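# Results of the structural survey
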Amino acid sequence: MSGRWVFAVTLIGLGIIGLITGHFTPTWSGVPAGLPGRAALAYLCALVALGCGAGLVWQRSAAVASRVLLTYFVLWFLVFRVPLVFEAAASSGTWWACGATAVMAAAAWVLYAGLNTGFASGDTGVRIARVLYGLGVIPFGVAHFTFLERTVSLVPAWLPWHLAWAYLTGCAFIAAGLAVLIGVSARLAATLLAMQVGLFTLLVWVPILLGSPSASDWNEFIESWALTAAAWVVAESYRSMPWLAVGKR
């Protein structure tokens, strides 16, 4: 399962970056500046990412690693994402952050469901993970419209019709997320989503990094890479399903 390997290597990379910098990588954003033990939590996140990534590489430890990773993402969502909804529900940035964590948790859940037995595993677990994934990517599309100027500015200069591309990709995120949710051509939608996020990483962020990137640009690249790996895992969960199947998640 290539998606699992890509996801594992990505987590290992996130862990190494976190340990070297001592800061939260974009995957673990949203921690209040005044939180007691904030620095220690940053290192804990790095160790969890590194340990779970390494654990997913080895078959004997993969089940435990997926269980720990899923638990950590769920806790992160409850502790650092749900409060944002109550504090700034009207902000699309809030929903983007929730969506990013939901996508990462969905990938962890797909792996957990395939490697473990018991509660929310097996086919039931995979279906739950796909619903979570579908809900998670919809805010990405909405953000294309609420941050339209920023989205247009990121379209590669060599492409024509920048505004049209911003609208098209935003609509694609929303449509594909809904397709995954309701089970209409879900395999095709999930595959196209993985390709779209991957192309963003390659065509938008890699060229920026080859120029004079800011710290924010590096964070955007790292997050885009992580979301690409997560999307790959979810897309692979549909590999036994027909491309245009209707009514199946």
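What this report covers is the structure whose coordinates are included nearby. (Residues numbered from 1 in each chain as written. Predicted model: local features only at pLDDT ≥ 70, side-chain atom pairs only at ≥ 80, totals over all residues. Heavy atoms only, no water.)

## Here we look at the overall build of the protein
Along the protein, the regular secondary structure elements total nine helices and zero strands. Along the protein, helices (α) and strands (β) appear in the sequence α-α-α-α-α-α-α-α-α when read from the amino end. Against the compact-globule benchmark of 18 Å for 249 residues, the protein has a radius of gyration of 17 Å, which places it among compact chains. Considering only contacts within the protein whose residues lie at least 6 apart along the sequence, 72% involve residues at least 24 apart. Split by element, the accessible area of the protein, about 12,000 Å² in all, is 73% carbon and sulfur. With 12 positive and 7 negative side-chain charges, the protein shows a separation of 16 Å between the mean positions of the two kinds. (Helix = DSSP H or I, 4+ residues; strand = E, 2+ residues; numbered from the N terminus. Rg over C-alpha atoms; globule rule 2.2 N^0.38 Å. Contact = heavy atoms within 4.5 Å. Areas by Shrake-Rupley, 256 points an atom, 1.4 Å probe, with all protein chains shown as cover. Lys, Arg positive; Asp, Glu negative; His and termini not counted. Charge placed at Lys NZ, Arg CZ, Asp CG, Glu CD.)

## Brief notes about the layout of surface pockets
Approximately 910 Å³ is the volume found for the largest pocket. His 144, Thr 151, Thr 169, Phe 173 and Phe 200 are, among the 34 residues lining the largest pocket, the residues nearest its centre. Contributing elements (two or more residues each) for the lining of the largest pocket: helix H4 (92-115), helix H5 (122-146), helix H6 (148-154), helix H7 (162-182), helix H8 (186-209) and helix H9 (215-236). Considering every element that reaches the lining of the largest pocket, the biggest residue donor is H8, with eleven residues. Classifying every residue of the lining of the largest pocket gives 25 nonpolar, six polar and three charged. (1 Å grid on protein atoms, 1.4 Å probe; cavity = no way out; pocket = protein on both sides within 12 Å on 5 of 7 lines; lining within 4 Å. Points joined across faces, edges and corners; volume = space filled by probe spheres on them. Nonpolar A, V, L, I, M, F, W, Y, C, P; charged D, E, K, R; others polar.)

## Some details on the environment of Leu 227
Considering the arrangement of structural elements, one finds Leu 227 in helix H9. Assessed through its relative accessible area of 7%, Leu 227 is described here as buried. Sequence-distant contacts of Leu 227, that is, excluding residues within four places in its chain, are made with Ala 100, Val 103, Met 104, Phe 140 and Val 197. (Buried < 20%, exposed > 50% of the residue type's maximum accessible area, 1.4 Å probe, protein only.)

## Re the environment of Ala 230
Structurally, Ala 230 is set in helix H9. Given the relative accessible area of 0%, Ala 230 is considered buried. Note: C-alpha distance between Ala 230 and Val 103 (127 residues apart in sequence) is 6.6 Å. Sequence-distant contacts of Ala 230, that is, excluding residues within four places in its chain, are made with Phe 7, Val 103, Met 104 and Ala 107.

## Comments concerning the nonpolar core
Counting residues in hydrophobic clusters, the biggest one holds 63 residues, and the most contacted among them are Phe 7, Trp 76 and Tyr 133. Among the elements of the structure, helix H1 (2-21), helix H2 (38-57), helix H3 (59-87), H4, H5, H7, H8 and H9 are those that each provide at least two residues to this core. It is H4 that contributes the most residues to this core, eleven residues altogether. Each residue touching Trp 76, except ones within four places of it in the same chain, is listed here: Phe 24, Thr 27, Trp 28, Ser 29, Val 31, Leu 41, Cys 45, Arg 81 and Thr 101. (Core = buried A, V, L, I, M, F, W, Y, C linked by side-chain atoms within 4.5 Å.)

## Looking at the packing of H3 against H4
If you want to describe how two helices pack, look at the angle between their axes and the distance between the axes. Viewed as axis vectors pointing N to C, H3 and H4 meet at an angle of 155°, and their least axial separation amounts to 8 Å. Taken together, H3 and H4 sit at an angle that is classed as roughly antiparallel. Classified by chirality, the crossing of H4 by H3 is left-handed. Across the contact of H3 with H4, the residue classes tally to 20 nonpolar, four polar and two charged. (Axes fitted to C-alpha atoms, helices over the stretch in contact; angles between N-to-C directions. Parallel < 35°, antiparallel > 145°, perpendicular 65-115°, else oblique. Left-handed = near helix turned anticlockwise from the far one by under 90°.)

## Comments concerning the environment of Ala 129
Along the chain, the position of Ala 129 falls in helix H5. In sequence terms Ala 129 and Ala 54 are 75 residues apart; their C-alpha atoms lie 22 Å from each other. Beyond its immediate chain neighbours, meaning those up to four positions away, Ala 129 contacts Ala 106, Trp 109 and Val 110.

## With respect to the packing of H7 against H8
Two elements in contact, H7 and H8, have axes whose closest approach is 8 Å; the angle formed by their N-to-C orientations is 145°. Here the hand of the crossing between H7 and H8 comes out left-handed. Across the interface between the two elements, Thr 169, Ala 172, Phe 173, Ala 176, Gly 177, Ala 179 and Val 180 of H7 pack against Ala 186, Ala 189, Ala 190, Leu 193, Gln 196, Val 197 and Phe 200 of H8. For the contact of H7 with H8, the class distribution of residues is eleven nonpolar, three polar and no charged.

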